[in-house]
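Okay, here's what each chain looks like letter by letter:
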Amino acid sequence: MSFLEELNRRRTFGIVSHPDAGKTTLTEKLLLFGGAIQVAGAVKSNKIKKSATSDFMEIERQRGISVATSVMAFEYRGVKVNILDTPGHQDFAEDTFRTLTAVDSVIVVIDVAKGVETQTEKLVKVCRMRKTPIIVFINKLDREGKDGFDLLDEIEEKLGLNVRPMSWPVGMGQRFKGVYSMYEKKLVLFRPHSKQDDEDMVEITDLSTTKLEELVGEEAAAELRDEVNMIEEVYPEFVVQDYLDGEISPVFFGSAINNFGVRELLDCFIDIAPGPLARITEERTVGPKEDKFAGFVFKIHANMDPKHRDRIAFLRICSGTFQRNTNYLHVRQNKKIKFSNPTSFMAAKKTVVDEAYPGDVIGLYDSGNFKIGDSLTEGEILHFKGIPSFSPEQFRYVNNTNPLKAKQLAKGLSQLMDEGVAQLFTKEFDGRKIIGTVGALQFDVIQYRLEHEYGASCSYEPVNLHKACWVEANDDKSLKEFLSKRKRDIAKDKDGHLVFLAESAWTLKMAQDNFPDIQFHFQSEF
Ligand code: G4P
């Protein structure tokens with residue numbers, strides 16, 4: 001197969017949802033269609049159970065699962081589909097934001113009864129900022145839920161998406177009879193847990209046919225006709241380009257656990273979802289068809305076995321062909337590296353790959369060379385954009401509790417920060433170190449892993465902080481003045497960038513008012 005054929009047959013996407021909406025179930029059903037797994041239940045849920053905060057083994061177990069589910073690839077209708085896993089748990093939101101930089105489109109799963117939930121809102125906001133094409137799947141139609149039209153309104157309102165239903169449910173819960181696919185002009189009849197073979201599908205090009213009454217009964221038939229009419233009147237016609245531009249989101253209804261509506265979703269996804277898209281770097285835009293290889297690391301996973309300290313860096317290929325045992329430039333370190341065992345992932349199976357193409361994600365064994373955001377090229381200096389750190393929500397001083405293990409602590413902290421577990425700020429004034437995280441769970445993870453993987457121990461001390469903002473000024477003089485006046489509140493992040501630590505929303509506002517020449521940024525990339 002030629003390079004262009006390989007490129008054009010790739011679809012790399014992420015499924016985002018609030019926990020419990022059905023992301024894991026849908027992923028599993030998609031993998032079953034693709035033949036990547038044979039039995040239901042093969043994809044373990046990577047959910048952090050509610051008790052996890054104090055249960056370290058649970059966190060470790062989840063970490064083990066999340067290596068296996070980071071990338072799941074399968075083939076369907078000649079297309080290579082790569083699903084990138086996005087943790088739903090809010091404490092790992094940053095992980096999800098970073099993974100979203102490596103996808104070309106997303107499927108958003110919404111629970112029909114719960115409607116749009118907070119985590120979905122946050123994640124969709126990031127996708128919209130980047131104009132990532134979005135397909136919506138409304139799940140759990142086998143249960144009673146919200147009215148279809150109300151849900152569409154809620155999606156438009158809360159997620160800011162323009163929607164276009166591509167299928168429409170016939171009833172719901174106990175009365176759920178099936179889904180009419182406006183995309184394929186087919187009525188798909190619901191049979192719980194069916195394999196959904198062709199007998200369940202009836203082609204209905206014209207909804208006025210009396211066949212409809214025979215299939216779903218008089219009441220449901222009349223209702224469906226009315227509703228479909230209304231959709232045709234109210235919603236604009238679906239134009240694929242509008243979806244690709246992130247302007248409109250097609251909506252599907254179904255029930256993942258019953259494997260219902262999933263094939264329709266997948267078929268449409270294969271037809272319309274974008275292949276590998278261009279990526280922006282500080283230097284220029286990198287197009288997928290370029291013949292020189294370039295890619296970036298969006299996720300790092302430490303080995304679960306403390307005896308083997310190596311890690312897996314997940315690299316998204318953006319252009320050209322990646323080849324095994326070939327020297328590539330590690331741009332940040334300005335050195336050449338080659339990889340003898342790059343791995344690809346087909347569901348839970350890892351295999352060594354000789355070649356990989358744009359859209360693919362490969363795992364590179366790493367002994368500490370990589371950090372998130374690093375690029376690998378054939379020689380060109382490229383810095384991929386869109387992988388920022390966000391201002392953390394929670395802060396604590398970190399203290400060394402074993403003076404003999406200071407080196408191990410420093411190394412452990414540094415490597416955990418490279419993995420993106422949390423952020424480390426060093427205060428300029430007294431050299432004290434502060435860890436900032438998105439959720440409380442990470443503090444436990446860090447302490448546990450420092451002890452088990454690096455033999456270091458630390459304790460935490462509360463610190464009263466509201467936000468960490470990256471600061472810059474147009475001129476040196478203003479910056480110097482600000483730094484000297486606020487020296488107790490200044491720290492450096494891991495890359496040496498200046499950060500202002502604001503104790504409260506009020507101190508931040510005061511600083512912004514008093515130093516108008518200083519720009520305060522809430523993310524590290526600006
Ligand atoms: P998540 O990854 O988004 O967190 O959700 P997950 O797939 O784990 O699904 C959450 C719960 O919703 C699971 O039940 C799952 O079986 C159920 N579910 C998924 N799709 C459907 C559907 O179409 N209809 C109905 N009625 N339920 C659905 P659970 O009891 O939490 O877990 P389990 O014990 O069944 O695994």
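It should be emphasised that the depicted structure is a prediction, and the values quoted were computed from it without experimental measurement.

*Asks:* Sorry if this is basic, but what is going on with a negative patch on the surface here?
*Replies:* There is a patch of like negative charges on the surface, built from Asp147, Asp150, Asp153 and Glu157. Relative to the helices and strands, Asp153 resides in helix H6 (residues 148-159).

*Asks:* It is not clear to me how the confidence of the model for the chain should be interpreted in this structure. Could you clarify?
*Replies:* Any segment with low pLDDT has predicted coordinates that should not be analysed in fine detail. Put simply, the chain has an average pLDDT of 88, and 89% of its residues get 70 or more. By mean pLDDT, helix H3 (residues 56-69) is the weakest element of the chain at 58, and strand E5 (residues 134-139) is the strongest at 98. Per-residue pLDDT stays below 50 along residues 48-54; that stretch engages in 11 contacts with residues further than four places along the chain or on separate chains.

*Asks:* Hey, could you run me through the packing of aromatic side chains in this one?
*Replies:* Each aromatic ring pair is specified by the distance between its two centres and by the angle formed by the two planes. Summed over all chains, the structure comprises 21 aromatic pairs. For the ring pair Phe13 and Phe269, a centre distance of 4.5 Å and an interplane angle of 50 degrees mean the geometry is tilted. Highlighted residues: Phe13 in strand E1 (residues 10-17) and Phe269 in helix H10 (residues 262-272), separated in sequence by 256 residues. For Phe13, a relative accessible area of 2% puts it in the buried group. Judged by relative accessible area, which is 1%, Phe269 ranks as buried. Seen in terms of ring centroids, Phe395 and Phe425 are 6.5 Å apart; in terms of plane orientation they differ by 40 degrees. Their pairing is tilted. In this pair, Phe395 is assigned in strand E24 (residues 394-400) and Phe425 in strand E25 (residues 423-427), connecting sequence segments 30 residues apart. Neither residue differs from the other here; Phe395 and Phe425 are each classed as buried. Put simply, the rings of Phe293, Phe322, Tyr328, Phe339 and Phe370 touch in pairs and so form one group of aromatic residues. Against the face of Phe314 rests Lys299, its NZ or CZ located 6.0 Å from the ring centre. Here Arg396 stacks its cationic end above the ring of Tyr460, 5.6 Å away from the centre of that ring.

*Asks:* Can you walk me through the pattern of salt bridges in this structure?
*Replies:* Opposite charge on two side chains permits them to pair, given that their charged atoms come into close proximity. According to the stated counting rule, one finds 31 salt bridges in the structure shown. With its nearest N and O atoms 2.7 Å apart, the salt bridge here joins Lys494 to Asp418. Of the two residues, Lys494 sits in the loop between strand E29 (490-492) and strand E30 (498-502) while Asp418 sits in helix H11 (residues 406-418), which places them 76 residues apart along the sequence. For Asp418, a relative accessible area of 10% translates into the label buried. Note that Arg449 is salt-bridged to Glu419, the shortest N-O span being 2.9 Å. In this pair, Arg449 is assigned in helix H12 (residues 441-454) and Glu419 in the loop between H11 and E25, connecting sequence segments 30 residues apart. What makes Arg449 buried here is its relative accessible area of 2%. Each of Glu6, Arg9, Arg10, Glu75, Lys80 and Asp360 takes part in a single network of salt bridges with overlapping partners.

*Asks:* Help me out: how do you make sense of the site of the ligand in this one?
*Replies:* The immediate surroundings of the ligand are formed by 17 residues, with Asp20, Lys23, Thr24, Thr25 and Ser255 found nearest. Separating an oxygen atom of the ligand from a side-chain N or O atom of Thr24 is a distance of 2.4 Å. Side-chain polar atom of Asn139 to an oxygen atom of the ligand: 3.1 Å apart, as the coordinates give it. Considered on its own, the ligand offers 700 Å² of accessible surface; in the complex 68% of this is hidden by protein. When residues of the shell around the ligand are assigned to their parent elements, the largest contribution, 3 residues, is made by helix H2 (residues 23-33). Counted by class, the shell around the ligand contains 4 nonpolar, 7 polar and 6 charged residues.

*Asks:* What am I meant to see in the nonpolar core here?
*Replies:* A general feature of soluble globular proteins is that nonpolar side chains tend to end up buried together. Among the nonpolar cores identified, the biggest contains 83 residues, and Ile138, Ile155, Leu187, Leu224, Phe322 and Phe370 are the most heavily contacted of them. Residue contributions to this core peak at 6 residues, all from strand E15 (residues 311-319). The residues that make up this core include at least three from each of domain 1 (3-173 + 236-272) and domain 2 (279-377). If near-sequence neighbours (up to four positions away) are discounted, Ile138 is found in contact with Ile110, Val112, Leu151, Ile155, Val251, Phe252, Phe253 and Gly254. Judged by nonpolar contacts, the second largest core, of 31 residues, contains Val81, Ile83, Leu266 and Cys268.

Criteria and thresholds
- Residues numbered from 1 in each chain as written.
- Predicted model: local features only at pLDDT ≥ 70, side-chain atom pairs only at ≥ 80, totals over all residues.
- Heavy atoms only, no water.
- Patch = residues over 30% accessible without salt bridge, like charges linked within 9 Å, V, L, I, M, F, W, Y side chains within 5 Å.
- Areas by Shrake-Rupley, 256 points an atom, 1.4 Å probe, with all protein chains shown as cover.
- Salt bridge = Lys/Arg side-chain N within 4 Å of Asp/Glu carboxyl O.
- Lys, Arg positive; Asp, Glu negative; His and termini not counted.
- Charge placed at Lys NZ, Arg CZ, Asp CG, Glu CD.
- Helix = DSSP H or I, 4+ residues; strand = E, 2+ residues; numbered from the N terminus.
- pLDDT = per-residue confidence, 0-100.
- Contact = heavy atoms within 4.5 Å.
- Phe/Tyr/Trp six-rings, centres within 6.5 Å; stacked < 30°, edge-to-face > 60°.
- Buried < 20%, exposed > 50% of the residue type's maximum accessible area, 1.4 Å probe, protein only.
- Lys NZ or Arg CZ within 6 Å of the ring centre and 35° of its normal.
- Near = heavy atom within 4 Å.
- Polar contact = N/O pair within 3.5 Å; in protein donor to acceptor, adjacent residues only side chain to side chain.
- Nonpolar A, V, L, I, M, F, W, Y, C, P; charged D, E, K, R; others polar.
- Core = buried A, V, L, I, M, F, W, Y, C linked by side-chain atoms within 4.5 Å.
- Domains from an automatic or database assignment.

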